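# Summary of structural features
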Amino acid sequence: MSDSRIGISLILLLVVTCQITASRLRIPAIILLLPAGLLAGAVGLINPSETFGPIFRPLVSIGIAVVVFEAALDLDFTQLKGIDRQITRRLLVWGVPITWAGAGLLASTLLGLPAKAAIMLGAILIVSGPTVVNPLLEFARPNATLMSILRWESTTLDPIGALIGVLVFHALLASEYDHPVRFALEFAFDVIVGISAGILGAALLWLVFRSIELSNSTRAVTTIAVVVADTAFCNVLRQETGLTAALTIGIALASLPGLKVPITEQVRRAIGEMIIGMLFIAISAGVSLYSLRTLFWPSLGIAAGLMVIIRPAVAALATARTTLTYRERIVIASMYPRGIVAAFTATAFSSRLTTKGLAGAEDLLPTTFLVIAVTVTGYGFTAQPLMRWLGHR
């Protein structure tokens, strides 16, 4: 079906159907979105390339940035203190390199990927993100400490993981990053670009809201417009720095007085769920069933290794010598699903690296998709039982 209007309508219909069905079954909607999109693409109901054309990837990038911005509105620096700050910092400092190395090693061992492709896949699988963690947290409803730690970790991991993925991608295509210092400087520059653009966007909103009397609806529309424009500008200037800019604006609006977004919690959640649903359906519809079938068991092994070995090791390091109970530590060890940013980066890099002749690049997207499906399903079905075990439900 080539008519884009039909394609968009079908995507929206599938999103709503999955959310209603999940509500009736009392499971997270994300568990249903991936197979729904995959089947819709396999039978030809949805073809993202035909529906959206060349603007598909820019639209996905902006959609992810809006979701990251919405999640960041809950990240108030004044509330991140003490043990929450300590554990979140450790999860990032220890988690990023350990997850990267662990995922790359698993990919090399179980898939037989060459070193360069394994390093790329490891970088892609660093990302968790609010697109998957927040819906699971809303579904499971842990205590305030766990909610704060896991939200901060997932939301800040999105831009960090995306930036690392972009830099690794360029490092595989060129020799300019052969020196690790140059690589580190490029990463630091991307972070600075994203944060600076986010600060400018937040300053613009502050100036407008202070100078002009606007209705709540106009303030909300203005805020979203600035986030989208800032994201698009950053991505043109430096690829995928828009996520960092969106995150920075969201944190600024959450932390600074006079910059609160006049959107009710219910409306924010509805917008976020709809965007997340559309992104999952659209991206999964473009994945080949054949490629999934041939890589299923090795990818299942990678997902299991990440869930059973790598994440618990990171959580143990991050929570060592803290006041968290052992049950709370188990919850942190049991919440690291991969999400839409991982799928997007795999989609963006796989075909281009394959075209450039990188051995194993054709396996990046199907493997990432399977890891997303397994981790989302596994964590989704264990979230509520864990909360009951903790006595939080």
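I will try to describe carefully the structure that is included in this document.

### Details of the overall build of the chain
Counting secondary structure elements, the chain contains 16 helices and zero strands. The C-alpha atoms of the chain give a radius of gyration of 20 Å, which matches the 21 Å a tight globule of 393 residues would have. If one aligns the C-alpha atoms of the chain with their principal axes, the spans along those axes are about 60 × 55 × 55 Å. Taking all 393 residues of the chain together, 54% fall into the buried category. Residue pairs at least 24 apart in sequence account for 81% of intrachain contacts in the chain once pairs closer than 6 positions are excluded. About 16800 Å² of surface is accessible on the chain, with carbon and sulfur atoms providing 67% of the total. Between the centroid of the 28 positive side chains of the chain and the centroid of its 21 negative side chains there is a distance of 7 Å.

### With respect to the nonpolar core
If you look at the biggest cluster of nonpolar residues, it comprises 115 residues, and the most contacted ones within it are Ile-64, Met-120, Phe-280, Ile-302 and Leu-353. Beyond its immediate sequence surroundings of up to four residues, Met-120 is in contact with Gly-165, Val-168, Phe-169, Leu-172, Phe-349, Leu-353 and Leu-364.

### Focus: the side chain of Asp-230
Checked against the element boundaries, Asp-230 lands in helix α10 (residues 216–237). Arg-238 provides the closest opposite charge to the buried, salt-bridge-free Asp-230, at an N-O distance of 14 Å.

### As for the packing of helix α7 (residues 130–140) against helix α8 (residues 144–173)
Axis separation between α7 and α8 bottoms out at 9 Å; the angle between their running directions is 165°. Here α7 lies roughly antiparallel to α8, going by the angle between them. Along this stretch, α7 crosses α8, giving a crossing that reads as left-handed. Across the interface between the two elements, Pro-130, Val-133, Asn-134, Leu-137 and Glu-138 from α7 touch Met-147, Leu-150, Arg-151, Ser-154, Thr-155 and Asp-158 from α8. For the contact of α7 with α8, a count of residues per class yields five nonpolar, three polar and three charged.

### Quick notes on the pattern of salt bridges
Summed over the entire model, instances satisfying the criterion amount to four salt bridges. Between Arg-238 and Glu-186 there is a salt bridge, with its nearest N and O atoms 2.7 Å apart. Linking Arg-238 in the loop between α10 and α11 (242–255) with Glu-186 in helix α9 (residues 180–211), this pair joins segments that are 52 residues apart in sequence. A relative accessible area of 14% means that Glu-186 is categorised as buried. The residue Asp-190 makes a salt bridge to Arg-238 at a minimum N-O spacing of 2.6 Å. Here Arg-238 lies in the loop between α10 and α11 and Asp-190 lies in helix α9, a separation of 48 residues in the sequence. On the basis of relative accessible area, Asp-190 is assigned to the buried category, the value being 2%. We classify Arg-238 as partly exposed; its relative accessible area is 22%.

### Description of helix α16 (residues 364–390)
Here α16 spans 37 Å end to end across 27 residues, near enough to the 39 Å set by a 1.5 Å rise per residue. Residue Ala-383 marks the point of greatest curvature in α16, where the axis turns by about 35°; the proline Pro-385 follows within four residues.

### Some points on the side chain of Thr-231
Positionally, Thr-231 belongs in helix α10. For Thr-231, a relative accessible area of 1% corresponds to the buried category. Within the structure, the side chain of Thr-231 is placed 2.8 Å from the backbone oxygen of Val-227, a separation counted as a polar contact. Setting aside its immediate chain neighbours within four residues, Thr-231 contacts Ser-61, Ile-62, Ala-65, Gly-242 and Ala-246.

### As for the environment of Gly-53
Within the secondary structure, Gly-53 sits in the loop between α3 (48–52) and α4 (56–72). Residue classification places Gly-53 among the partly exposed residues on the basis of a relative accessible area of 26%. Residues Gly-53 and Thr-325 lie 272 residues apart in sequence; the distance between their C-alpha atoms is 50 Å.

### Thoughts on the environment of Gly-129
With respect to the helices and strands, Gly-129 occurs in the loop between α6 (115–124) and α7. Its relative accessible area of 0% is what places Gly-129 among the buried residues. Once residues lying within four places of it in the same chain are set aside, the contact partners of Gly-129 are Ser-154 and Asp-158.

### Describing unusual backbone geometry
Even without being a glycine, Arg-26 presents a positive backbone phi close to 60°. Here Arg-26 shows up in the loop between α1 (4–25) and α2 (30–42). Classification of Arg-26 as exposed rests on a relative accessible area of 68%. Here the phi dihedral of Arg-321 falls at roughly 55°; this positive angle occurs in a residue that is not glycine. Checked against the element boundaries, Arg-321 lands in the loop between α13 (289–319) and α14 (326–333).

### Concerning the packing of aromatic side chains
Each aromatic ring pair is summarised here by two numbers: the centre-to-centre distance and the angle between the ring planes. A full pass over the atoms with the stated rule returns three aromatic pairs. On the numbers, 4.6 Å between centres and 15° between planes, the contact of Phe-169 with Phe-349 is stacked. Taken as a pair, Phe-169 in helix α8 and Phe-349 in helix α15 (residues 340–355) lie far apart in primary sequence, 180 residues in all. There is no split in this pair, since Phe-169 and Phe-349 are both buried. An angle of 80° between the planes, with centres 5.0 Å apart, marks the rings of Phe-296 and Trp-297 as edge-to-face. We classify Phe-296 as partly exposed; its relative accessible area is 33%. The class of Trp-297 is exposed, set by a relative accessible area of 65%. Over the ring of Phe-209 we find Arg-219, and its NZ or CZ is 4.2 Å from the ring centre.

Rules of the game
- Residues numbered from 1 in each chain as written.
- Predicted model: local features only at pLDDT ≥ 70, side-chain atom pairs only at ≥ 80, totals over all residues.
- Heavy atoms only, no water.
- Helix = DSSP H or I, 4+ residues; strand = E, 2+ residues; numbered from the N terminus.
- Rg over C-alpha atoms; globule rule 2.2 N^0.38 Å.
- Buried < 20%, exposed > 50% of the residue type's maximum accessible area, 1.4 Å probe, protein only.
- Contact = heavy atoms within 4.5 Å.
- Areas by Shrake-Rupley, 256 points an atom, 1.4 Å probe, with all protein chains shown as cover.
- Lys, Arg positive; Asp, Glu negative; His and termini not counted.
- Charge placed at Lys NZ, Arg CZ, Asp CG, Glu CD.
- Core = buried A, V, L, I, M, F, W, Y, C linked by side-chain atoms within 4.5 Å.
- Salt bridge = Lys/Arg side-chain N within 4 Å of Asp/Glu carboxyl O.
- Axes fitted to C-alpha atoms, helices over the stretch in contact; angles between N-to-C directions.
- Parallel < 35°, antiparallel > 145°, perpendicular 65-115°, else oblique.
- Left-handed = near helix turned anticlockwise from the far one by under 90°.
- Nonpolar A, V, L, I, M, F, W, Y, C, P; charged D, E, K, R; others polar.
- Expected span 1.5 Å × (residues − 1).
- Bend = angle between axes of the 7 residues up to and from the residue.
- Polar contact = N/O pair within 3.5 Å; in protein donor to acceptor, adjacent residues only side chain to side chain.
- Phe/Tyr/Trp six-rings, centres within 6.5 Å; stacked < 30°, edge-to-face > 60°.
- Lys NZ or Arg CZ within 6 Å of the ring centre and 35° of its normal.

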